[in-house]
Amino acid sequence: MKLSKLYSSDAKFKMVKFNPEFNVVLGEVTNESNLSQDAHNLGKSTLIALIDFMLLKELKKGHFLKKSIFSDYVFYLEILLNSGKYVTIKRAVAKNTKISILLHEESLDARECINWDYEDMPLTGTDENNPKIVLNRLLNFDILPNQEYRKTTGYFLRTQDDYKDIFKLQKHQGKDVDWKPILFELLGFSSEHMVNKYNIETEISIKEQLIDKVKDEFKVDAGERDKINGLIDIANEKKKETETWLDKFDFYQKEVGLNREAIEIVETSIAKLNTERYNLQFELQQIEESLKVKVNYNLEEVLSIYKEVGILFPDQLVKEYEELIEFNQKVSEERMKYLAIAKKSKTERLLQLDKELSSQNEKRKELLAVLRGTNTFEKYNIYRNDLINVEREIERYYAELNSIDHVKLIQEDINKLKGSLEKETSLLYQQIEESTSIYKRIRKDFHDYVFEILGNNAMISLNINGSGNVDFMATFYNLDNEETEEGLGHTYKKLLCACFDLAIIKNYIGNSFYRFIYHDGCLESLDPRKQKKYLDLVRRVSREYNIQYILTCLSSDIPNDDKYKISETEIAVELTDAEDDSGRLFGFSF
């Protein structure tokens, strides 16, 4: 896999065309007052972040493309596959989680393309709808085939932050298991035992935390099992005694007929009596009101009224009215008589109800007094509570025993896991001891490249640390095989990283894998003699092994020697600090 070209929907953006071997992203500072400013203002270092974005790195907070001025940009990255075909990746800033991919036979400009092989695939998609999975399949790497291509991208696309450690990239902020097995495989080893070891260590850690949690919850120790069994025996004896007394009490209770059912019957009877009493009281009140009503009929008053208004009241009508008055008086007398009889009957029933209620209430009082107030039942309640407490106590003791057994089983699992861990560690030792041919070649090339540039001996090595895990080391050493401090400076670390990446990619050139390396600023701060040797090395290696090597640098970092002059064909893109900003990567400053 090599980079072919990078371009944008915006015409101001400088198209970057990569040639197959040695490339330079050249920064030209013409205004001497700008020499004190960061060179990345030209876009030289921004370019590597953009390429990483186009290789489907997720866009996170702080990325330069998060600025609103880039919201309308659409970028295209053309890749040359190891098969000889091309792939173009299209990615917009505004909809940066939607990726389109086009597979084509020849290099082309895809800005006018309408029909994409894969269009607007979401980065969060699954299976064949995920652009990373699609690109992984198209790249068809046979090195680390079970890993996603982005797992190793950082070794061949090194930013300034990736020079701090040769082996651990800036993105490797998580656990060692997330990156060490991958690097171990890159060095030619199988990562099976390493991964197994990490997984076993994780499982042991989880189980040890579980043991601590159980011990903290129950406050028990495995050595207290016999003590707890003794406490259970004592508690069971107490339970047996309490149950015996309660059994005797239950027998007595049945004999005297005192139970909750009897109380409920009395309560129901009282409720019915109270209802009947309330109804009787209401009816008696109505009768009393009716008895107070009296009807008076005065014929003389009626005749007087008629006479005053001058109306004749006939004799026949007078007679009929007198008969009506007499009839109504008889009816009223009969009604009063009936009401008096009803009042007497209901009053007698009310008195009877009061007696029955008094009797039932007394009965209820006696029953409740027996159940609540006697010494026998008070003692019963005490024993019943004792039984509940002792049963809870026994349950707690058994829970403690179960926790001890649980801890014991977990500890047995841990012991077995530690046995497996020891075995995997031993196999890991054996792997390193036996080494591999690819590792030996990478180590030799690393030494040779460093020596060619610096004239110093350097070596990569694998050490097993105190935890039995692999540490990756890169050190300088003298003729007495003593480690020196030369590799501690940032400038030398850059060179060690560059030589390591070259050694890796050179030894996989016959496989389907990355065939490009992008190093940002390796010439900076180097002695001119070492700059020349560095340029000699990367030019030669890229030419001999068909490796695409991309270097970013300022023109002032190039040795002042015709032999090391950067040719037009070697310049992927030239960036300048022209006053109108037209020489910058995006055609403007930001």
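Keep in mind that this is a model prediction, so the values were computed, not measured.

1. Some thoughts on the packing of aromatic side chains
Point 1. Enumeration according to the criterion identifies 33 aromatic pairs in this entry.
Point 2. Geometrically, the ring pair formed by Phe-513 and Tyr-514 is edge-to-face, given 5.3 Å between the ring centres and 70° between the ring planes. Like Phe-513, the residue Tyr-514 is buried in the burial classification.
Point 3. Linked through ring pairs, Phe-13, Phe-64, Phe-70, Tyr-73, Phe-75, Phe-586, Phe-588 and Phe-590 together constitute an aromatic cluster.

2. Some points on the sheet that holds strand E6 (residues 98-104)
Point 1. The strand order across the open sheet built from 6 strands is E2-E1-E4-E5-E6-E7, with neighbouring strands paired in antiparallel fashion. Sheet topology places strand E2 (16-17) and strand E7 (118-122) at the edges, where each strand pairs with a single neighbour.
Point 2. Examined bridge by bridge, strand E1 (residues 2-8) and strand E4 (residues 74-80) share 6 bridges and lie antiparallel to one another. Looking at E4, one finds that Leu-6 is bridged to Leu-77.
Point 3. Its contacts with the sheet put helix H1 (residues 44-54) on E1, E2, E4 and strand E5 (86-92), and the angle it makes with E4 is roughly 80°.
Point 4. Helix-sheet contacts for helix H2 (residues 131-139) involve E5, E6 and E7, and the interaxial angle to E6 is about 20°.

3. Observations concerning the sheet that holds strand E3 (residues 22-28)
Point 1. Pairing is parallel in the open sheet, where 5 strands are placed in the order E8-E12-E13-E3-E14. The sheet is open, and its two edges are formed by strand E8 (157-158) and strand E14 (571-576), each paired on a single side.
Point 2. Two elements, E3 and E14, share 5 bridges in a ladder whose sense is parallel. When the sheet's bridge partners are listed, Val-24 is paired in E14 with Ile-571.
Point 3. This element, helix H12 (residues 490-506), spans E8, strand E12 (516-520) and strand E13 (548-554) of the sheet and lies at about 175° to E12.
Point 4. Docked against the sheet, helix H13 (residues 528-544) engages E3, E12 and E13, running at close to 155° with respect to E13.

4. A word on the side chain of His-519
Point 1. Within the secondary structure, His-519 sits in strand E12.
Point 2. Overall, His-519 belongs to the buried group, its relative accessible area being 0%.
Point 3. A distance of 2.7 Å separates the side chain of His-519 from the side chain of Tyr-549, its partner in a polar contact.
Point 4. In this structure His-519 touches Arg-158, Tyr-163, Cys-497, Ala-498, Asp-501, Tyr-534, Tyr-549, Ile-550, Leu-551 and Thr-552, once residues within four positions along its chain are discounted.

5. Focus: the packing of helix H11 (residues 437-454) against H12
Point 1. At a closest axis distance of 8 Å, the pairing of H11 and H12 adopts a crossing angle of 140°. The pairing of H11 with H12 is recorded here as oblique in orientation. Both H11 and H12 take part in a crossing whose hand is right-handed. Of H12, the residues touching H11 (which contributes Ile-442, Asp-445, Phe-446, Tyr-449, Val-450, Ile-453 and Leu-454) are Tyr-492, Leu-495, Leu-496, Cys-499, Phe-500, Leu-502, Ala-503, Ile-504 and Lys-506.
Point 2. Considered class by class, the residues forming the contact of H11 with H12 number 14 nonpolar, no polar and 2 charged.

Scoring rules and cut-offs
- Residues numbered from 1 in each chain as written.
- Predicted model: local features only at pLDDT ≥ 70, side-chain atom pairs only at ≥ 80, totals over all residues.
- Heavy atoms only, no water.
- Phe/Tyr/Trp six-rings, centres within 6.5 Å; stacked < 30°, edge-to-face > 60°.
- Buried < 20%, exposed > 50% of the residue type's maximum accessible area, 1.4 Å probe, protein only.
- Pairing = 2+ DSSP bridges.
- Helix = DSSP H or I, 4+ residues; strand = E, 2+ residues; numbered from the N terminus.
- Contact = heavy atoms within 4.5 Å.
- Axes fitted to C-alpha atoms, helices over the stretch in contact; angles between N-to-C directions.
- Polar contact = N/O pair within 3.5 Å; in protein donor to acceptor, adjacent residues only side chain to side chain.
- Parallel < 35°, antiparallel > 145°, perpendicular 65-115°, else oblique.
- Left-handed = near helix turned anticlockwise from the far one by under 90°.
- Nonpolar A, V, L, I, M, F, W, Y, C, P; charged D, E, K, R; others polar.

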